[in-house]
Amino acid sequence: MALAAGRAMLMRSGVRLGTQAAARGGNGARRFMNHRVVVEPNTVPGVAVIKFKNPPVNSLTLEFLTEFVICLEKLENDKTFRGVVLTSDCPGIFSAGLDLREMCGKNPAHYAEYWRAVQEMWLKVYLSNLVLVAAINGTSPAGGCLIALSCDYRVLADNPRYRMGLNETLLGLVVPFWFKDTLVNTIGHRASERALQLGLLFPPAEALQLGMVDQVVPEDQVQSTALSVMTQWLAIPDHVRQLTKNMIRKATADHLIKHQEADIQNFINFISRDSIQKSLQVYLENLKQKKH
Ligand SMILES: CCCC/C=C/CC(=O)SCCNC(=O)CCNC(=O)[C@H](O)C(C)(C)COP(=O)(O)OP(=O)(O)OC[C@H]1O[C@@H](n2cnc3c(N)ncnc32)[C@H](O)[C@@H]1OP(=O)(O)O
C-alpha cells in the first residue's frame, strides 16, 4: 500500500524507480541509489547501510520520506539482508526533522498527504523486521530524533555540537502522541515529561545518561561501532528476535494504526491555524536570519 502510493508519488515527481542507479561499486557490491537515500551493502554479510542524502540538512520532505520507506521495504523483501545501519551523508547533521516548508502555506490535501507519509515512515521503521542501528553522525532534532529512537540501537558521535531531542514546543508545536510514546518507551515517563515540555535538545553525554542513546563514541568510529553492534544482534535467530520485538512494540504502533485517520485530521486542524502558521514562518525566518 505504502509502496504503491510511494511509487505513484515518485513517478509524479519524476523519479524513475525502474532505473534507479543500480551501479557496481569497486568491490563489486551492488549499490542502490535514489536521489535522497543511498543504500550500500556493507562488508558485514547481510547488512546494508542507508545514508540520508537530502542536503543541506536531511529534512524529511515528502519525497525523502517516500524514498526512505521504499528503500526499507526493498531491503525487507530481499532475504539477503537482516540488518540496516541508518546514517547521514550530510556532514554534521543526521536529520533536521520534518521539513518545515511541507507544513507551511500549503492546503489541507497536502497536509494530509504529508502527515500520512510521516506516519507510514514511523510505522515502517518502528516495526521493521530488520535489525536497525542508528549511527548518529550529526545533530538530530524532532523528526530526526524520532527516526533514531525508533531503531533498535543508537550510537552517537561524541561531538558536543550534536544535539538530540524532541524540541517541538520550541517551535510552538504540540508533539504527536506517538512521538511521545516512542520517547517514553526509551527514556521513561519522568525524563520525557521534562524533555518534551521544555523541548530539550541534549548533547551526547546527557543523551547517554538519559538512555536516549546506547553508546557515545568518537566521531570517526560511529559507523564501525554500529556495524560491530550489528554482529551481536545478528547472532540471535531472526524469528525469535522479530517476535520479541513485535511483542514489545506492537501496542505502541497499534495505538497509531487505530487512530491514524483521526491523527491526520488533528494534524490538519492544528497546522492550519493562523497562529501555528505564523510561528512556523517566524521559526523558518529566524533560521535564515542567523546566517547574516
Ligand atoms: C502537530 C504538529 C507536530 C509536528 C511535528 C514536528 C516535528 C519536527 O520535526 S519539526 C522540525 C524541527 N526541526 C528543527 O527545529 C531543526 C531546525 N533546523 C536547525 O536547527 C538547523 O537548521 C540545524 C541545526 C539542523 C542545522 O544548522 P546549520 O547552521 O547547519 O544550517 P541552517 O543554515 O540552519 O539551515 C540550512 C538551510 O536548511 C533550512 N532548514 C533547516 N532545518 C529545516 C527544516 N526542518 N525544514 C526545512 N528547512 C530547514 C534552513 O532554513 C536553511 O535554509 P536556507 O539555506 O534557505 O536559508
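What you see is a predicted model, and the numbers here were worked out from it, not measured in a lab. (Residues numbered from 1 in each chain as written. Predicted model: local features only at pLDDT ≥ 70, side-chain atom pairs only at ≥ 80, totals over all residues. Heavy atoms only, no water.)

Undergrad: So, the overall build of the chain: which residues are in play, and what are the values?
TA: When you go through the chain residue by residue, the secondary structure sums to 11 helices and 11 strands. Looking at the chain as a whole, 51% of its 292 residues qualify as buried. Residue pairs at least 24 apart in sequence account for 74% of intrachain contacts in the chain once pairs closer than 6 positions are excluded. When the accessible area of the chain is evaluated, it comes to approximately 13,700 Å², of which 56% is carbon and sulfur surface. (Helix = DSSP H or I, 4+ residues; strand = E, 2+ residues; numbered from the N terminus. Buried < 20%, exposed > 50% of the residue type's maximum accessible area, 1.4 Å probe, protein only. Contact = heavy atoms within 4.5 Å. Areas by Shrake-Rupley, 256 points an atom, 1.4 Å probe, with all protein chains shown as cover.)

Undergrad: Would you mind going over the pattern of salt bridges in detail, with residue names and values included?
TA: It is possible for side chains bearing opposite charge to pair when their charged atoms get close. Across all of its chains, the model carries 12 salt bridges by this definition. A salt bridge links K51 to E40; its shortest N-O distance comes to 3.8 Å. You can see K51 sitting in strand β4 (residues 47–52) and its partner E40 sitting in strand β3 (residues 37–41), a full 11 residues away along the chain. You can call E40 buried: its relative accessible area is 16%. Each of E73, E76 and K124 takes part in a single network of salt bridges with overlapping partners. (Salt bridge = Lys/Arg side-chain N within 4 Å of Asp/Glu carboxyl O.)

Undergrad: Describe the side chain of R36, naming the residues involved and giving the relevant values.
TA: Within the element layout of this structure, R36 appears in the loop between β2 (30–33) and β3. Take R36: its relative accessible area is 19%, and that puts it in the buried class. Within polar-contact distance, the side chain of R36 engages the side chain of E67 at 2.6 Å. (Polar contact = N/O pair within 3.5 Å; in protein donor to acceptor, adjacent residues only side chain to side chain.)

Undergrad: Lay out the packing of aromatic side chains in plain terms, naming residues and giving numbers.
TA: Aromatic ring pairs are reported here in terms of the distance separating the ring centres and the angle at which the planes meet. Taken as a whole and judged by the stated rule, the model has 12 aromatic pairs. Ring centres of F52 and F64 lie 5.3 Å apart, and the angle between their planes is 80°; on these two criteria the pair is classed as edge-to-face. Taken as a pair, F52 in strand β4 and F64 in helix α2 (residues 62–77) lie far apart in primary sequence, 12 residues in all. F64 sits in the buried class, given a relative accessible area of 0%. With centroids separated by 4.8 Å and ring planes inclined at 20°, the aromatic side chains of W122 and Y126 adopt a geometry described as stacked. One end of the pair, W122, and the other, Y126, are both in helix α3 (residues 108–126), 4 residues apart, so they sit about a helical turn from each other. By the burial criterion, W122 is buried, and Y126 matches it. Between the NZ or CZ atom of R249 and the centre of the ring of Y126, over which it lies, the distance is 4.4 Å. (Phe/Tyr/Trp six-rings, centres within 6.5 Å; stacked < 30°, edge-to-face > 60°. Lys NZ or Arg CZ within 6 Å of the ring centre and 35° of its normal.)

Undergrad: Tell me about the nonpolar core, and name the residues and values.
TA: In terms of nonpolar packing, the biggest core is built from 69 residues, with I50, F68 and L280 touching the most fellow members. Take this core: its biggest share by element is 10 residues, from α3. Setting aside residues no more than four positions away along its own chain, I50 makes contact with V37, V38, V39, F68, C71, L72, L75, V84, V85, L86 and T87. In terms of nonpolar packing, the next biggest core, distinct from the first, is built from 18 residues, V133, Y153, Y162 and V217 among them. (Core = buried A, V, L, I, M, F, W, Y, C linked by side-chain atoms within 4.5 Å.)

Undergrad: So what's going on with unusual backbone geometry? Which residues, and what values?
TA: Trans is the prevailing form of peptide bonds, just as negative phi is the prevailing case for residues other than glycine. Following P55, the chain continues into P56 via a peptide bond in cis, with omega recorded as 10°. We note that N58 has phi near 50°; this positive angle belongs to a residue other than glycine. Among the structural elements, N58 can be located in the loop between β4 and α2. With phi around 50°, A142 is a residue other than glycine that occupies positive phi space. By secondary structure assignment, the location of A142 is in the loop between β8 (138–141) and α4 (143–149).

Undergrad: Got a sec to walk through the sheet that holds strand β10 (residues 164–165)? Specific residues and values, please.
TA: Read across the sheet, 3 strands follow the order β6-β8-β10 without closing on themselves; strand pairing throughout is parallel. With one partner strand each, in any of the chains shown, β6 (92–93) and β10 form the two edges of the open sheet. Note that β8 and β10 share 2 bridges and pair parallel. Following the sheet pairing, S140 is matched in β10 by M164. (Pairing = 2+ DSSP bridges.)

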